[in-house]
Each structure stands twice: as structure tokens, then as C-alpha cells.
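This is what each chain is made of:
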Number of protein chains: 2
Amino acid sequence: MSLVSFEKAAELLLSMNNIIILCHANPDGDTLGSGFALCRALKALGKRARVDCSCEIPRKFSYLTDCVFNESFEAENFVAVDVADIKLLGDEYAKKYENKIKLNIDHHGSNTMFAENTLLDSSAAAACEVVYELLAHLGVEANKAIADCIYTGISTDTGCFRFTNTTAKTHIIASKVMEKGADIEKINRLMFETKSREYMRLEKLALDTLKMYFDGRCAVLTIMQDMYEKSGAKESDTDAICAIPRQIEGVQIGASIKQKAENRFKVSLRTHAPYDAAKICAAMGGGGHPRAAGCEIFGSLDDVLDELLKNIEASLED
Amino acid sequence: MSLVSFEKAAELLLSMNNIIILCHANPDGDTLGSGFALCRALKALGKRARVDCSCEIPRKFSYLTDCVFNESFEAENFVAVDVADIKLLGDEYAKKYENKIKLNIDHHGSNTMFAENTLLDSSAAAACEVVYELLAHLGVEANKAIADCIYTGISTDTGCFRFTNTTAKTHIIASKVMEKGADIEKINRLMFETKSREYMRLEKLALDTLKMYFDGRCAVLTIMQDMYEKSGAKESDTDAICAIPRQIEGVQIGASIKQKAENRFKVSLRTHAPYDAAKICAAMGGGGHPRAAGCEIFGSLDDVLDELLKNIEASLED
């Protein structure tokens, strides 16, 4: 359970074979980009490796996986990418891989150090920045496919360079992977410029629920299960919708309440500085980054809204 | 009427004093970022300079102008920034400054070479990239205020690094101005993350007009004058709305028709490769970039839609 340097992480990977790379559940561009970039690098080194995830990979990421990664081999070593807490692997996987992760490559300041070795750079905007830096230590040069993976993770975790986690280094890595042939036209179109008609219907339904609180300093929208049926959209379509409440002029704290099941809700919080989304969510048993965090709350929608607003109010008054 | 090198452009500027820097009408982040960056650089060199524009500067750009630029002096030299055609200065200014522009700094491939000297880099994503490169030739180092200007132009003209005009060099310049202190948190929030309640009302009204054509390969929305009254929004709020049609899955060509006056409409076109927005708009008397262009059409809304769809259909069949 120790932090390791890039050199040590590379040494560990170079000593391994038959490697399973684990992405977090509800996989996003950063965990998948990290996983597939690392997998391609390990295969370039002549190793057997594959990516695994407890959830299905959303179809829009298929350009990352369009290569044979399903060769079968007996797994010997387990590496996690972009996983802040073993719980985030999903219930079943978390149990299965407890105390078995040899190396975790991550960028979350909230990392629980569940792995035997953790390569952590909490100043990195994305785990893909850490993986990119690791490539040099592995002696692997990024090809176009790896460049696509790295660009995907960096662009999705920074909202395409909009979020405050973006640094000068983020732009330098973006520039480097563009030079290696990252297809930013395709990736940006798929990640940011494509809204399905189902998404647009869900967005309209969600916007109808939008309510303002605390003199317009907080906005909350709600997505109930029946809206997925009405719109034809999926839960993975909600990411962009969750960004909307904070985008309204004057709003400091924007929240989205998504019904997961009867009496079970996922709250996504986005804040402007200095309001700390991770701190507000931690008070409700969740966590995340200073400007974007989440938690689960059990109870009726009214209960959830009460608890959420109580915690938001405390933060606004702090 | 000649193209000039960076060296020659710098030499010209260094030989001038009492300089008016002209931005295009309906000023955006790039023309304003270029104008104020250049103005600050010229003032750092001990020259008298100010920025001028035929239109009011939208309030959201006030952080660019928060410095005394209104000192009075008798204008001797006129420089344009991000102006592809003298018409784009606005009717009155175009007449007033005809044959008087000594230097034009631009990045539009469609530049009409109306100035005595033109510094043109059509591979640049933004005129601000050209201005940034010019700074070194002027012997001026970017300070925080100049960095804010440059970042504003680059980020707004690339849709925050999403559009296909973004290059590896764009990211390198972004990284450099971040190191000089560009406040990307504030700028991105103002440019991309802030939607007024008026905007949100206008977006809803505009989305209600959205129609699909040619088997979903084209989407068109319409913004009529009365929608500004109903929503309280302004025409400068429409930029983000114009991006929506192309964002719908399967759409190759997205169009927005904005009523400017009775029987007078502005069309904004956004395409995915290989469809050429500039070519389609050129056929209707307009111009622009391959993926984003515009034109004005006179007639009833039905007439405008007919002409627009006829030209879009021709392009889709091409």
C-alpha cells in the first residue's frame, strides 16, 4: 500500500505478464482511454494484456476498442486505471479484486490507496496524463491509436479544456498527441458535438424540472426513471445534462438528482470556486473533485432534495 | 495590397504611432482579443493606440477592456484585426476606412486583401494566434492582460479547442499563455459556462422550431425577432444556439436562420467534413470557413428556407 514513482511503476509493469487492466464502473473516456492506451503499450512490449470493466462500454467509445483485446490467457496480474476507490470497480468486481490490485494509476486526490502500489499525480487533469507520462518510462512511443486514447481521456475529463483542472501541461500533452495523429475531429465530434435525438428529448424533459434556490445561487434539475422510457435516452446520456444547472448565470452550485431505482438517487454536483463539491458530497457519503463530485442518497425525492439543499445551504453560508 | 511577413508587419507597426485598431462589426472574442492584445503591446512600446469597433462591445468581454484605452489623439494609422473583408467593419466604417488600412492581421483564407499590407496565416485557428506570434517580432513579452486577450481569441474561435481548426500549435500557444497567467477559469466560465436565464428561454423557443431535412442529414432552426422580446435575450446570445443543429446525431449540415429585419435574414451554417460551409454560403453571396460560414438572404422566411435547402441539397448530392 505505497505510493510509487514513474520509474518504479514502469519497472513493475515491465516485470509483469498476463495483465488485466481494470476500468471503473460506468466507464468514462478517461478510465477507458487510460486502460486501452496502457493495454496497447503493454502489447507493443510483447506482453499479453486486456482491458476489463464491470459495465458495458458505451457504443460511442468503440473507436478506442477496435482492435483485438479479447485474446484469452490466464490472468496473473491486475492493474487499475483512474480508480479512486476499489468500490468504484462495481460491487462484484470490488469483492473479486480486493487485495489483488498490484498497481493503480490515478489522478484523484481522494485516492484510498487500496492497491499494493499507487502511481498518483493529483495535479493531473486526467489519469490519461499520468499514463502518457508513463509511456516514456516504459520505452513506448505513442502511435495514432494510443494518441486517440490519451486525447479521449484528457478531453473528456477537462470538458474539452474548459474545466479548471486544465493546466499548461494538459495543453502540451494534447499538442503532442495531436502530432502523433490523434483524430481530434472524430473524437471531439463523438464526445462533444453529437447529441442523439433521444438525448435532446431527455434534455427537454430535464430542463422542465429545473428549479432555482437561495436567490438563484443554486439550481437543481431532476431526472426520473420514467424519463428514460419517454425519451428513449440512457443514463449514460445524462453527463452533459448534469453540467447545465451550474451554467446558468449567477449559479454557484448546480445539482442534478438522478433516480437510480425506487428511493435511490444519485446526486451530481458542480460548483464554481470557492465552493467545494467534494466536501459537500463527502458530508453525504460521496466524494470527487473540488468542482465536480457525487453521492448516493436513499429515500424519497423530497427527502433527497431536503438533505441536498441543507448541505448546499451550509456550504453557501460557510 | 500585398502579403507581408511577420518581420515586415512588425517593422510597419514599429514605424507607426497614433494607431487605431479596428475590430470587425458584431465583435467576437477573436477580433477583440486580437485588438486589445495588440493595443496593449503597442502601448508597452510607448505608442498611442486605441481599439475601435462600429458595434458596442458585449458586456461579457469587459475583462478585456478594463484598462484605459480611450485616451484621445489624432489618428494617423489604421490597423485591422481578424477582418476578412472591409465590408465586415460595418457599413459606415467600411466607407470611412476604405483604402486607409495600412495593415490587416488575419487568419481567414477568404481574406479579400483590402489592406495596403496583409499579415495572413490561414492555417491559424484564430487571428489571436497570429497576433501572439507577432509579439515576439515586436519584442513584447505577453503579460497577464495580453495572455487573457490571446486565450480569449483562441478559445472562442475554436469552440474551446473542439473545432477542427484546432492544431497542435493552438494547444502550444494556449499552454504558453496559461504560463503567462491567462485566467482560464474566469474566461472559460464567461465564454462557455455561463448561460443567462434569457439565453435559456431563447434556446427553448429556438429548439421548438427545429426541423430535419434530407433523411436527417440536415437540421434547421429559426430565430425570429419576436423571440428576442419574448425571451429578453439579445442577438449576441445566438452563437451557441447556432451550434445546436449540427450537434444532432446524423446531421451533416446544420443551419440557423436569424431574422435581422422584415424580409432580411442571416443564415449561419455549420457542417461536418467533407461538406464545405464556405462554398455553400458563397453560392448565396456569403463566405467563411470550411466548417462554419454565413450569408444574408432577403425575402420571406419561406423564400429563405427554399433557397437555403436548394443549396444544401446540391452540396449533399455533390
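Refer to the structure above for everything that follows.
The structure displayed is predicted, hence computed values, not measured ones. Per chain, the residues get numbers from 1 upward, laid out in the order the sequence is written. Just so you know, chain letters begin at A and ligand numbers begin at 1, following the order they were written in. Given that the model is predicted, a residue must reach a pLDDT of at least 70 before its local features are reported, and side-chain atom pairs must reach 80 or more before they are shown or counted; all residues, however, enter totals for whole chains, interfaces and linings. Side-chain metrics rest on all non-hydrogen atoms present in the structure, leaving aside hydrogens and water.

Participant: Can you lay out the overall build of chain A for me, pointing to particular residues and giving the numbers?
Facilitator: Numbering goes from the N terminus for both helices and strands, where a helix is a DSSP run of H or I of at least four residues and a strand is a run of E of at least two. What chain A contains, in helices and strands, is 14 helices and twelve strands. Taken against the 2.2 N^0.38 rule, which gives 20 Å for 318 residues, the C-alpha radius of gyration of chain A at 20 Å falls within 12% of a compact globule. In terms of its C-alpha atoms, chain A occupies a principal-axis envelope of roughly 60 × 40 × 35 Å. Out of the 318 residues belonging to chain A, those deemed buried represent 56%. It only takes one pair of heavy atoms within 4.5 Å for two residues to be counted as in contact. Long-range pairs, those at least 24 residues apart, make up 66% of the contacts in chain A between residues at least 6 apart in sequence. Taken as a whole, chain A presents about 13,200 Å² of accessible surface, with 47% of it coming from carbon and sulfur. Atoms counted for the radius of gyration: C-alpha only. Globule rule: 2.2 Å times the number of residues to the power 0.38. Exposure categories follow from relative accessible area, calculated using a 1.4 Å probe and restricted to protein chains: below 20% of the type maximum is buried, above 50% is exposed, and the middle band is partly exposed. Each accessible area is a Shrake-Rupley estimate made with a 1.4 Å probe; only the visible protein chains count as cover when residues are assessed.

Participant: Just give me the short version of the packing of helix α2 (residues 29-44) of chain B against helix α5 (residues 127-138) of chain B, but keep the residues and values in it.
Facilitator: All names here are of chain B. Axes here refer to lines fitted to C-alpha atoms; in helices the fit is confined to the stretch in contact. Angles between the N-to-C directions go from 0 to 180 degrees. Between α2 and α5, the shortest axis-to-axis distance is 9 Å and the interhelical angle comes to 10°. It follows from the interaxial angle that α2 and α5 lie roughly parallel. Contact residues: Asp30, Gly33, Ser34, Ala37, Leu38 and Ala41 in α2; Ala127, Cys128, Val131, Leu135 and Leu138 in α5. A class-by-class count of the residues in the contact of α2 with α5 yields eight nonpolar, two polar and one charged. Note on terminology: angles under 35 degrees are roughly parallel, angles over 145 are roughly antiparallel, angles of 65 to 115 are roughly perpendicular, and the others are oblique. Put simply, Ala, Val, Leu, Ile, Met, Phe, Trp, Tyr, Cys and Pro go in the nonpolar bin, Asp, Glu, Lys and Arg in the charged bin, and everything else, Gly too, in the polar bin.

Participant: Just give me the short version of the sheet that holds strand β6 (residues 117-120) of chain B, but keep the residues and values in it.
Facilitator: Residue and element names in this part refer to chain B. Spatially, six strands are ordered β1-β6-β5-β4-β2-β3 in an open sheet, and the strand pairing comes out parallel. Edge positions in the sheet fall to β1 (2-3) and β3 (49-52), since each has one partner strand and no second. Inspection of the sheet shows strand β5 (residues 101-106) paired to β6 by four bridges, in the parallel sense. When the bridges of β6 are listed, Ile105 appears paired with Leu119. Sheet strands in contact with α5 are β5 and β6, and its direction is about 110° off that of β5. A strand pair is defined by DSSP finding two or more bridges across the two strands.

Participant: Break down helix α6 (residues 144-157) of chain A for me, with residues and values.
Facilitator: Residue and element names in this part refer to chain A. Given a rise of 1.5 Å per residue, 14 residues ought to cover 20 Å, and the 20 Å separating the end C-alpha atoms of α6 matches this to within 8%. When you tally the buried positions in α6, you get eleven out of 14 residues, the bulk of the element. The secondary structure elements touched by the buried residues of α6 are α2 (29-44), α3 (62-65), α5 (127-138), α7 (168-179) and α8 (184-192). In protein, a polar contact means a hydrogen-donor-capable atom and an acceptor-capable atom, both N or O and within 3.5 Å, with residues adjacent in sequence counting only if both atoms are side-chain atoms; elsewhere, any N or O pair within 3.5 Å suffices. Between a side-chain oxygen at the N-terminus of α6 and the backbone nitrogen of Ala145 the separation is 3.2 Å; the capping residue is Asn143. Positive phi shows up at Gly159, right after α6, with a value of about 60°. A helix is expected to span 1.5 Å multiplied by its residue count minus one.

Participant: I'd like to hear about the interface of chain B and chain A, residue by residue, with values.
Facilitator: Facing 42 residues of chain B, the contacting portion of chain A comprises 42 residues. Accessible area that two parts lose when put together, with a 1.4 Å probe and added across both, is what the buried area reports. Summed over both sides, the interface between chain B and chain A buries roughly 3,800 Å², with carbon and sulfur atoms accounting for 56% of that surface. On the chain B side of the interface with chain A, the three residues burying the most area are Arg162, Glu193 and Gln247 of chain B, jointly 21% of the side's total. In the sections that follow, a salt bridge refers to a side-chain nitrogen of Lys or Arg positioned within 4 Å of a carboxyl oxygen of Asp or Glu. Taken together, chain B and chain A are joined by two salt bridges. One salt bridge connects Asp208 of chain B with Lys204 of chain A, and the closest N-O pair in it is separated by 2.8 Å. Looking at the side of chain B that touches chain A, the elements with two or more residues in it are α7 (168-179), α8 (184-192), α9 (197-207) and α12 (244-247) of chain B. Counting residues per element, the side of chain B that touches chain A draws most heavily on α7 of chain B, at seven residues. Partitioning the side of chain B that touches chain A into residue classes produces 17 nonpolar, twelve polar and 13 charged.

Participant: Explain the relation of the copies chain B and chain A residue by residue, including any values.
Facilitator: It takes a turn of 180° to lay chain B on chain A, together with a shift of 0.0 Å along the axis; the resulting RMSD is 0.1 Å. Given the turn and translation reported, the copies of this chain are related as if by a two-fold rotation axis. In terms of proximity to the rotation axis, the leading residue of chain B is His171 of chain B, whose C-alpha is 2.5 Å off the axis. Looking at chain B, 100% of its interface residues are interface residues in chain A too, so the copies touch through the same face. Superposing copies: least-squares fit, C-alpha atoms only, residues required to have pLDDT of at least 70 in both.

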